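# Descriptive analysis of the structure
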Amino acid sequence: MSGGRAMLIMLERELRAEFRTRELLNTTIVFALIVVILFSFAFEPVSSEARRLGPGLLWIACLFAGSLMLNPTFAREQVNDTLSALRMAPVSGFAILAAKMIANFIFLSLAELILVPIFDVLYNVPLSAVTGRLALVMALGTAGLVITGTVFAALSARARMRELLLPLLLLPILAPLLIAAVGATASLFAEEPSLDRTWFTFLAGFDIVFLTASWLLADYLLEE
Amino acid sequence: MSSTRPPVGVLAPIGVAFDSVDKRYERLFALRQFSLNIAPGEFVALLGPNGAGKTTLLRMAALLAMPTAGKIRHTGERTGGSDVRRLVGMVAHHTLLYDELTAHENLSFFGKLYGLENLAARVESALADAGMASRSMSLVCTFSRGMRQRLSIARALLPSPRLLLLDEPATGLDRQGASWLAATLHRLRDAGCTIVMSTHRPGELLPLATRAVCLSGGGLQKDFRDPSEILAALSASQEGG
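These numbers were taken from a predicted model, which means no experiment stands behind them.

Further remarks concern the overall build of chain B. The helix and strand inventory of chain B stands at six helices and nine strands. Here chain B holds 241 residues, and the buried ones make up 49% of them. Expressed as a percentage of contacts within chain B between residues at least 6 apart in sequence, the contacts between residues at least 24 apart total 74%.

Attention now goes to the overall build of chain A. Of the regular secondary structure elements, chain A holds nine helices and zero strands. Starting at the N terminus and ending at the C terminus, chain A contains elements arranged as α-α-α-α-α-α-α-α-α. For 224 residues, the compact-globule formula gives about 17 Å, and the C-alpha radius of gyration of chain A, at 18 Å, lands near that figure. Along the longest, intermediate and shortest principal axes, the C-alpha atoms of chain A span 55 × 30 × 30 Å. Across the 224 residues in chain A, those meeting the buried criterion constitute 46%. Residue pairs in contact within chain A that sit at least 24 positions apart in sequence constitute 82% of those at least 6 positions apart.

Residue and element names in this part refer to chain B. Spatial ordering of the open sheet is given by β2-β1-β4, a layout of three strands whose pairing is antiparallel. If you trace the sheet from one side to the other, it starts and ends with β2 (28–38) and β4 (69–75), each paired once. When the angles between neighbouring strand axes are averaged without regard to direction, this sheet yields 15°. Where strand β1 (residues 15–25) and β2 come together, seven bridges link them in antiparallel fashion. If you follow tyrosine 25 over to β2, its bridge partner there is leucine 28.

Another point: the interface of chain B and chain A. With 24 residues of chain B in contact, the opposing surface of chain A contributes 20 residues. Mapped onto the side of chain B that touches chain A, the elements with two or more residues apiece are β5 (88–91) and α2 (103–113) of chain B. Top contributing element to the side of chain B that touches chain A by residue count: α2 of chain B, with four residues. Here the side of chain B that touches chain A is composed, by residue class, of 15 nonpolar, three polar and six charged.

Another aspect to go through is unusual backbone geometry. Unusually for a residue other than glycine, aspartate 81 of chain A sits at a positive phi of about 55°. On the basis of neighbour count, aspartate 81 of chain A is assigned to the partly exposed category, with 17 C-beta atoms found within 10 Å. The backbone phi angle of serine 160 of chain B is positive, close to 55°, even though this residue is not glycine. Summarising the element assignment, serine 160 of chain B is placed in the loop between α4 (145–157) and β6 (163–167). Residue classification places serine 160 of chain B among the buried residues on the basis of 21 C-beta atoms within 10 Å.

Time to look at the nonpolar core. The biggest cluster of nonpolar side chains holds 147 residues, and the ones touching the most others in it are Ala154 and Leu165 of chain B. Beyond its immediate stretch of four places on either side in the chain, alanine 154 of chain B contacts Leu107, Ala126, Leu127, Asp129, Ala130 and Met132 of chain B.

Moving on to the packing of helix α6 (residues 93–123) of chain A against helix α9 (residues 197–222) of chain A. All names here are of chain A. Between α6 and α9, the shortest axis-to-axis distance is 8 Å and the interhelical angle comes to 105°. When the interaxial angle is binned, α6 and α9 end up roughly perpendicular. Along its contact with α6, which presents Gly93, Phe94, Ile96 and Leu97, the element α9 presents Ser214, Trp215, Ala218, Asp219, Leu221 and Leu222. The class makeup of the residues in the contact of α6 with α9 is seven nonpolar, two polar and one charged.

Attention now goes to the environment of serine 187 of chain A. Residue and element names in this part refer to chain A. Looking at where serine 187 falls in the secondary structure, it is placed in helix α8 (residues 162–189). Accessibility expressed as a C-beta count within 10 Å gives 21 for serine 187, which makes it buried. Distance in space between the C-alpha atoms of serine 187 and leucine 57 is 15 Å, their sequence separation being 130 residues. Discounting residues that sit within four places of it in the chain, serine 187 has contacts with Pro193, Ser194, Leu195, Asp196 and Trp199.

All right, on to the sheet that holds strand β7 (residues 194–198) of chain B then. Residues and elements named next belong to chain B. Taken in spatial order, the six strands of this open sheet run β5-β6-β7-β3-β8-β9, and their pairing is mixed. Taken across any chain shown, the strands that pair with only one partner, and hence form the sheet edges, are β5 and β9 (219–224). When strand polarity is set aside, the average angle formed by the axes of neighbouring strands in this sheet is 15°. Examined bridge by bridge, strand β3 (residues 43–47) and β7 share four bridges and lie parallel to one another. If you follow phenylalanine 43 over to β7, its bridge partner there is isoleucine 195. Of the strands in this sheet, β3, β5, β6, β7 and β8 (211–216) are in contact with helix α1 (residues 54–61), which crosses β7 at around 150°. On the sheet, α4 packs against β5 and β6 and is oriented at approximately 175° with respect to β5.

Moving on, we get to the confidence of the model for chain B. Parts of the model with low pLDDT should not have their predicted coordinates read in detail. When pLDDT is averaged along chain B, the result is 88, and 88% of the positions lie at 70 or above. When mean pLDDT is taken per element in chain B, α2 of chain B scores highest with 97 and helix α6 (residues 230–240) of chain B scores lowest with 65.

Definitions and cut-offs
- Residues numbered from 1 in each chain as written.
- Chains lettered and ligands numbered in written order.
- Predicted model: local features only at pLDDT ≥ 70, side-chain atom pairs only at ≥ 80, totals over all residues.
- Helix = DSSP H or I, 4+ residues; strand = E, 2+ residues; numbered from the N terminus.
- Buried ≥ 20, exposed ≤ 12 C-beta atoms within 10 Å, placed from the backbone.
- Contact = placed C-beta atoms within 7 Å.
- Rg over C-alpha atoms; globule rule 2.2 N^0.38 Å.
- Pairing = 2+ DSSP bridges.
- Axes fitted to C-alpha atoms, helices over the stretch in contact; angles between N-to-C directions.
- Nonpolar A, V, L, I, M, F, W, Y, C, P; charged D, E, K, R; others polar.
- Core = buried A, V, L, I, M, F, W, Y, C linked by C-beta atoms within 7 Å.
- Parallel < 35°, antiparallel > 145°, perpendicular 65-115°, else oblique.
- pLDDT = per-residue confidence, 0-100.

Given below as structure tokens:
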């Protein structure tokens, strides 16, 4: 079986299971909203401050929500050792990882789809003129977050303190991604918005590098 | 239970050979200098106390764990060209099932991953054979331990494995379930499928074995090839454990 077909079969299972229970989605969305709302209470930003602080607050909310969501990615496979069943099946390790990456991307994007309009209202940042470009930046940033996060979730899944270990491993690695995503978003929140190509290219490069690394290391990552 | 049974692909069983295998978890040796050749078509019972290395051996045979030293080879006609994982089935300590999917969805999912043909019919047949047809659309999380175990066995048998690895397969099964398992293994053995099973209980399963291997402390203690000695071996291993 081709890796792509195996990946689609596993992706379908991930989506079916999540949309049946909605455990991850509900938790992630509520957590992200709480972070954004608390920040708005803490800073009470006027429009000019919102343009300056908004990108960082938005991405911090996404980053925290993402790291919360990524923890169960492989931990849930531990309950009945279903990861062993996947590893015994004639599919590549990267197909297993890729299915989880895409599922996580869909879940986090759905959370962001709810988060961004609420952020827009709370922080009074006019986003209508930059919707397409912001979606592109969010997609690249989210992809980087879930690619890296899924890899580190696989690494930390068998650790005893995995809930603590994942953020400790993940957040420092994601610092460059966060800086680039905030930089690219800030360029869209400016009075005269224009997408900063340097940050945008950095985001795309980050995604490609980590996706390639996960492809090369997938079988090793999933080994006992 | 229905008489409809999943097809058993036993035309070319495969064996597994352990050659001076060490498996170490940090400082603890689960297996040490372990050598064993299981020929295609054998039904081997693995006996021994807890911590003897039975589960490690089975997981290594399933390619789930790699040896720290030594070699493991799968032997037989079809191991050269195809992915050996396609030919190996396993019933493990855990059920290897998704709780949030139904019984039918679980089997269909794994059947698709193995690229099985006539999947719908095979899934229906496997569920009927395991006595799960009436609960096929129920979520696994609603099942009793015994029902999960039956479904776990059905999952392992679905791709018609040539090498079947069983780690305490009767766990949680009631008398009827144990009889079903014994009948299933009897059928597989007679059809030539290689079976490696760890067990603590003599019950109905051990008399099916054609060979008994006793493990102790990660090493091979005794190897009985005479079926009449197998029950005696179990008694000895239980005294040891």
